[in-house]
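Geometric and topological summary
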Amino acid sequence: MVENMTINAIRVLSAEAIQAANSGHPGLPLGAAPMAYTLWAKALKHSPSNPHWHNRDRFVLSAGHGSMLMYSLLHLFNYGLSMDELKNFRQFNSLTPGHPEFGHTTGVEISTGPLGQGIANAVGFAMAEAHLAAKFNKPGYNVVDHHTFAISGDGCLMEGISYEAASLAGTLKLGKLVLMYDSNKISIEGSTDIAFTEDVAKRFEAMHWQVLTVEDGNDTAAIEKAIKDAKAETEKPSIIIVKTIIGYGCPSKQGSHKVHGSPLGNDGVSEMKSFLNWPCENPFEVPAEVTAHMDALTKELSKSEASWNTLFENYKKEFPELASEYELWMSGATPDAYLESEEFWSYNETVASRSSSGKVLNNLADRIPNLFGGSADLSPSNNSDMKKRESFFATNYAGSNLHFGVREHVMTAICNGIQAHGGLKSYAATFFVFSDYMKPAIRLAALMGLPVTYILTHDSIGVGEDGPTHQPIEQLAMLRSIPNLNVIRPADAREVSAAWYMAMKSTKTPTALVLSRQNLPALEGSSKEALKGAYVVSKEAEKPAVILIATGSEVSLCVEAQALLKAEGIDARVVSMPCQEVFDAQSDAYKKEVLVKGVPKLAVEAATTFGWHKYACDVIGRDDFGLSAPGNILFEAFGFTAENVANRAKALISK
């Protein structure tokens, strides 16, 4: 039977690629091949000739270590992934890296590998689909109508993020979300029973999911029926527990943890081919029957897109304005007029930057209708809600204010899925100190080039009485260490506008807005120059004897210190550096113009001094944790005063 031969082709190609690389994870591809083929061939709505078709079903391989499963599918389903790329699995510059990478390999919807993240990404895809459908669908015109499928393993379900995601998905009744659980009861260390004995079915039932079970992972008819049953349930997300044998097809190794992350070996590959009655002798050879079958199948799959194209042409005739808006949203373009207007740049008042951020966000929400985001149960504190928008609930998918509950990690990963889906501009908000919980997903957004915006408030020891557990110290350095992430700590409301401008204009870089709880004075010299990452916010009278560099609330402190120094006849320059990453990308000439060579420089920031010595000879910072006390008292106790800044500057000059 050609379908069974095709399933075995997935197994053989996966095992051969892993063997050629002498690296990889054959266990999942061999065990999960039947469910993956059945899904892609019988249930998944996709168009291999146009992988970016808007109304395709989304597929996420959450268990990203099983990447050869994905690559074998993409090759066999004619996504343009050549056999040579399979032969170059895990090799330099190949399109088949060790784990699936978004934007690198056509057909990969999201980067996965850190276990559990893919399940959360899938929830984001499903939320995006639900919101876009509520916005654009009209009777007879379901222009947004697709499912999200994810394949996970035991490891994914051990990670806490998977249950954060599943809990929220059940609450939101995301009926178009289907999780296929490759339940082989094996992890790297052996049987999952050594650390994972819970009843997964009961747990998902408790989270308001439909639970379906397939007892034999090779029973494609049962798998197909389970997928149909999952799609028929519209009020609950569904999990299909598929009981498989890890490494199936290699009798001497299957069912063992030894096949999880090690090649089968040449003898093991030969044994597998014999067991599967594989007809091809040469490596990386696919039977002609399989090729013919897949050519016919992929042509048939393209009919779904053709049907949708006809639907959308009729939709454009009946709802031309809505169709134009849909195309604009899906293009990813951001309206530029307001961002460039005098009105946008004129706003500046003495308020906390979390408050000015909320005002800018709401002004943007009036003009950028596809903003879609929210907070981990902190929107009143971090001013992240869009006042004129409704909330996104199971009863109102048209709402665009998201409520994630106290789930910072999954919030961030879900926003990655929303952004990767297309059509929406996602943002996530919480207290800055909890960026520690967000970091794994922020890193993946940066790796994928997803321009998600993170609103991170309560940015320093200024948090005060909440104490050291809630006072960020090392978080700025942590975020700044992530490549392709713009970390912006604005000094006043106008710099907040600049920060949002950068976030909205970004197409390949996520943005972290680091915002204060305490009020920040409107600076006379703040300007659009903040878009360069650093600029002279308060000039010297003639020639600077010292340069004071600061971010956020410490910029106004340096302006005060500049006045004290001036009274003593010392000419100082104050540089605001809201974003190191953007400043570092400027020309050498500009950087030398701002930070004049040969002039001593003092950096001031209410956080760790780590990283500042590349700009300054001396740093006033905090290399220990905070304390519980009013913020103004802590600033004084820890040396963040104009007098201390002036004294340290004078000490530098005298050296």
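Residues numbered from 1 in each chain as written. Predicted model: local features only at pLDDT ≥ 70, side-chain atom pairs only at ≥ 80, totals over all residues. Heavy atoms only, no water.

It is worth spelling out the layout of surface pockets at this point. A water-sized probe, rolled over the atoms, reveals where empty space remains. Empty space within the largest pocket amounts to approximately 970 Å³. Contributions of two or more residues to the lining of the largest pocket are made by β1 (58-61), α12 (320-331), α16 (408-421), α17 (435-448) and α19 (493-505). Grouping the amino acids of the lining of the largest pocket by side-chain chemistry returns 18 nonpolar, 20 polar and 8 charged. Each pocket or cavity is described by its volume, and for the second largest pocket that value is around 350 Å³. (1 Å grid on protein atoms, 1.4 Å probe; cavity = no way out; pocket = protein on both sides within 12 Å on 5 of 7 lines; lining within 4 Å. Points joined across faces, edges and corners; volume = space filled by probe spheres on them. Helix = DSSP H or I, 4+ residues; strand = E, 2+ residues; numbered from the N terminus. Nonpolar A, V, L, I, M, F, W, Y, C, P; charged D, E, K, R; others polar.)

A few words now on the pattern of salt bridges. Evaluated as defined, the whole model comprises 30 salt bridges. Here Lys-225 and Asp-229 are joined by a salt bridge, their closest N and O atoms 2.8 Å apart. Of this pair, Lys-225 and Asp-229 both sit in helix α9 (residues 220-232), 4 residues apart, which is roughly one turn of that helix. On the basis of relative accessibility, which here comes to 28%, the residue Asp-229 falls in the partly exposed class. Ionic pairing is found between Lys-359 and Glu-349, a salt bridge with its closest N-O pair at 3.8 Å. Separated by 10 residues along the polypeptide, Lys-359 in helix α14 (residues 353-365) and Glu-349 in the loop between α13 (342-346) and β8 (351-352) bring together distant segments of the chain. (Salt bridge = Lys/Arg side-chain N within 4 Å of Asp/Glu carboxyl O. Buried < 20%, exposed > 50% of the residue type's maximum accessible area, 1.4 Å probe, protein only.)

Attention shifts here to the sheet that holds strand β13 (residues 486-488). A sheet is described by the order of its strands in space; here 6 strands give the open sequence β10-β9-β11-β12-β14-β13, paired in parallel fashion. Each end of this open sheet is capped by a strand with a single partner; those strands are β10 (401-403) and β13. This sheet shows a mean twist of 20 degrees between the axes of neighbouring strands, independent of strand direction. One ladder, built from 3 bridges, connects strand β9 (residues 371-375) with β10; its direction is parallel. Within the sheet, the bridge partner assigned to Gly-374 lies in β10 and is Leu-402. (Pairing = 2+ DSSP bridges. Axes fitted to C-alpha atoms, helices over the stretch in contact; angles between N-to-C directions.)

Taking 1.5 Å as the rise per residue, helix α24 (residues 642-654) with 13 residues should run 18 Å; its terminal C-alpha atoms sit 18 Å apart, in good agreement. When α24 is considered as a whole, its buried residues turn out to be Ala-642, Val-645, Ala-646, Ala-649 and Leu-652. Along the axis of α24, the buried residues cluster in a sector spanning 120 degrees; they form a single face. Buried residues in α24 make contact with β17 (546-550), α20 (553-567), β19 (601-604) and β20 (618-620). (Expected span 1.5 Å × (residues − 1). Arc of directions from axis to C-beta. Contact = heavy atoms within 4.5 Å.)

Packed helix pairs are specified by the crossing angle of their axes together with the interaxial distance, meaning the distance between the axes. Look at helix α1 (residues 2-21) against helix α3 (residues 67-76): their axes get within 9 Å of each other, and the N-to-C directions meet at 125 degrees. By the angle class used here, α1 and α3 are oblique. Seen from above, α1 lies across α3 with right-handed handedness. Residue-level inspection shows Thr-6, Ala-9, Ile-10, Leu-13, Ser-14, Ala-17 and Ile-18 of α1 in contact with α3, the latter providing Met-68, Leu-69, Ser-72, Leu-73, His-75 and Leu-76. Among the residues making up the contact of α1 with α3, the classes are represented as 9 nonpolar, 4 polar and no charged. (Parallel < 35°, antiparallel > 145°, perpendicular 65-115°, else oblique. Left-handed = near helix turned anticlockwise from the far one by under 90°.)

Let us look at unusual backbone geometry. Positive phi is not limited to glycine here, since Asn-93 has a value of about 65 degrees. Note on placement: Asn-93 falls in the loop between α4 (83-87) and α5 (117-136). Positioned with a positive phi, Phe-284 is a non-glycine residue whose angle comes to about 55 degrees. The topology assignment puts Phe-284 in the loop between α10 (265-275) and α11 (288-318).

A separate point is the packing of aromatic side chains. Across all of its chains, the model carries 29 aromatic pairs by this definition. Each ring, one from Phe-344 and one from Trp-345, has its centre 5.3 Å from the other, and the planes form 90 degrees; the classification is edge-to-face. Comparing Phe-344 with Trp-345, the two get one shared label, buried. Site record: aromatic cluster; members linked through ring pairs are Trp-53, Phe-136, Tyr-141, Trp-308, Phe-312, Tyr-315, Phe-319, Tyr-326 and Trp-329. Residue placement shows Lys-135 over the ring face of Phe-136; its charged tip is 5.8 Å from the ring centre. Over the ring of Tyr-163 we find Arg-203, and its NZ or CZ is 3.6 Å from the ring centre. (Phe/Tyr/Trp six-rings, centres within 6.5 Å; stacked < 30°, edge-to-face > 60°. Lys NZ or Arg CZ within 6 Å of the ring centre and 35° of its normal.)

This brings us to the UniProt feature "domain: Transketolase-like pyrimidine-binding" (unreviewed entry) in the protein. On the UniProt side, "domain: Transketolase-like pyrimidine-binding" (unreviewed entry) is annotated at positions that read residues 351-522 here. Structurally, residues 351-522 comprises 37% helix and 18% strand, and the distance from its first C-alpha atom to its last is 8 Å. (UniProt positions renumbered as here; feature names shortened; annotations may be inferred.)

Before going further, it helps to spend a moment on the pairing of strand β18 (residues 572-576). In terms of burial, β18 is largely enclosed, as 5 of its 5 residues are buried. On β18, burial covers both faces: Ala-572, Val-574 and Ser-576 on one face and Arg-573 and Val-575 on the other are all buried. Sheet topology places strand β16 (residues 535-538) next to β18; 3 bridges connect them, and they run antiparallel. In the strand pairing of β18, Ser-538 is matched with Val-574. Pairing geometry for β17 and β18, over 5 bridges, is parallel. Following the sheet pairing, Ile-547 is matched in β18 by Arg-573. Tracing the backbone out of β17, into α20 and back to the parallel element β18 gives a crossover that is right-handed. (Right-handed = clockwise from strand over helix to strand, strands pointing away.)

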